[in-house]
Amino acid sequence: MMPQILGTLAEKVQPAHTALVLVDMCNDFLDPRGKTATRGGRSLDHGRRVIPAMRRLLAAARAAGVFVVHAQHTTLPGHASDSGPWLDARSRATFSVTDLCVQGSWGQRVIDELAPEDGDVVVQKYRYSAFAGTNLDLLLRSAGVRTVICAGVSTNVCVEATAREAFSADYYVVLPEDACGSWSVPLHEAALETARHRYATVCTTDELAGLWKDA
């Protein structure tokens, strides 16, 4: 029997079966006092530019009853969550450092503009994907989720890794392009173009908010 396909964006993002996963919107990535800016030398312009859209998206999701998840990059103290391959890659990462978002630190906290509220779920992640070694898949399936909307930073790294793994786990994947940011605009655009052609529906925050308002 041919599986049922949710073909339109409206069908995919019905609030009853949709989750919004906000990826790595933490102080160490987005606050001028955070480690990527002060030690990694990263410009925060593109990442911070998406915050207003993300605030609108988050407000619309909560109002519609969409399941909200904050995927929070985490490093355990003393690098207890790290491995040799991970530290090797992280030590060569562009505009980054190896001890980002140490558990329990100010840098790990979600930025004030998008702070978790009652009813939201926070998932600590230790790798690029929010699915790797976490209980995210269990939480989504327990909530009856069929579609995962991924937003956050960086589009071409943690957002993309999470979105690809969601697709591999047989979720519909949606990427609101104005609610995703990267230190590199060309890499941001390339990640979205690949997603559009292979595994996700790419849209805008306004499209999602409009559909939820009418749902």
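Above this text you will find the structure in question.
Residues numbered from 1 in each chain as written. Predicted model: local features only at pLDDT ≥ 70, side-chain atom pairs only at ≥ 80, totals over all residues. Heavy atoms only, no water.

(A) Region of the structure containing the pairing of strand E3 (residues 121–125). Here E3 shows a clear split, with Val121, Val123 and Lys125 buried on one side and none of Val122 and Gln124 buried on the other. Across five bridges, the pairing between strand E2 (residues 67–73) and E3 is parallel. Residue pairing for E3: His73 is matched across the bridge by Lys125. (Buried < 20%, exposed > 50% of the residue type's maximum accessible area, 1.4 Å probe, protein only. Helix = DSSP H or I, 4+ residues; strand = E, 2+ residues; numbered from the N terminus. Pairing = 2+ DSSP bridges.)

(B) How the structure looks around the packing of helix H5 (residues 51–64) against helix H10 (residues 205–214). It is at 9 Å that the axes of H5 and H10 come closest, and there the two elements cross at 15 degrees. One way to sum up the angle between H5 and H10 is to call them roughly parallel. Considering the relative orientation of H5 and H10, their crossing is left-handed. Facing Ala53, Arg56, Leu57, Ala60, Ala61 and Ala64 of H5, the residues of H10 in contact are Thr205, Asp206, Leu208, Ala209 and Trp212. (Axes fitted to C-alpha atoms, helices over the stretch in contact; angles between N-to-C directions. Parallel < 35°, antiparallel > 145°, perpendicular 65-115°, else oblique. Left-handed = near helix turned anticlockwise from the far one by under 90°. Contact = heavy atoms within 4.5 Å.)

(C) Here's a closer look at the nonpolar core. Leu20, Met25, Met54, Leu208 and Trp212 are the most contacted members of the largest nonpolar core, which has 31 residues in total. Listed by contribution, the elements that provide at least two residues to this core are strand E1 (18–23), helix H2 (27–30), H5, strand E4 (147–153) and H10. Considering each element in turn, this core owes the most residues, six residues, to H5. Residues contacting Leu20, with those up to four places away along its chain left out, are Leu57, Leu58, Ala61, Val66, Phe67, Val68, Val69 and Ile149. (Core = buried A, V, L, I, M, F, W, Y, C linked by side-chain atoms within 4.5 Å.)

(D) Main features of the packing of aromatic side chains. Within the structure shown, the criterion is met by three aromatic pairs. Ring geometry for Phe131 and Tyr171: centres 6.2 Å apart, planes at 35 degrees, overall tilted. With a gap of 40 residues between them, Phe131 in the loop between E3 and helix H7 (136–142) and Tyr171 in the loop between helix H8 (155–168) and strand E5 (172–176) connect regions that are remote in the sequence. The burial state of Phe131 is the same as that of Tyr171; both residues are buried. (Phe/Tyr/Trp six-rings, centres within 6.5 Å; stacked < 30°, edge-to-face > 60°.)

(E) Focus on the side chain of Gln108. Tracing the backbone shows Gln108 in the loop between helix H6 (84–91) and E3. At a separation of 2.8 Å, a polar atom in the side chain of Gln108 contacts the main-chain amide nitrogen of Gly104. Excluding residues that lie within four positions of it along the chain, Gln108 makes contacts with Cys26, Gln72, His73, Thr74, Cys101, Val102, Gln103 and Gln124. (Polar contact = N/O pair within 3.5 Å; in protein donor to acceptor, adjacent residues only side chain to side chain.)

(F) Inspection of the side chain of Ser184 at higher detail. Relative to the assigned elements, Ser184 resides in the loop between strand E6 (180–181) and helix H9 (185–198). A polar contact of 3.2 Å, which involves the side chain of Ser184, links it to the backbone nitrogen of Leu187.

(G) Structural context of the pattern of salt bridges. For the structure shown, the criterion picks out 14 salt bridges. In this structure, the salt-bridge partner of Asp99 is Lys35, at a minimum N-O distance of 3.5 Å. Residue Asp99 is located in the loop between H6 and E3, and its partner Lys35 is located in helix H3 (residues 35–38); the two are separated by 64 residues in the primary sequence. Take Lys35: its relative accessible area is 19%, and that puts it in the buried class. Residue Arg164 is joined to Glu160 by a salt bridge in which the shortest nitrogen-to-oxygen separation is 3.5 Å. On the criterion of helical spacing, the pair formed by Arg164 and Glu160 is a turn pair, its members being four residues apart in helix H8. Classification of Glu160 by relative accessible area gives buried; the value is 17%. One network of salt bridges, with partners in common, ties together Lys35, Arg39 and Asp99. (Salt bridge = Lys/Arg side-chain N within 4 Å of Asp/Glu carboxyl O.)

(H) Structural view of unusual backbone geometry. Of the consecutive residues Val153 and Ser154, the connecting peptide bond is found in the cis state with omega at -15 degrees. Within the fold, Ser154 resides in the loop between E4 and H8. Positive phi, close to 70 degrees, is recorded for Asp170, a residue that is not glycine. Taking relative accessible area as the criterion, Asp170 reaches 69% and is therefore assigned exposed.

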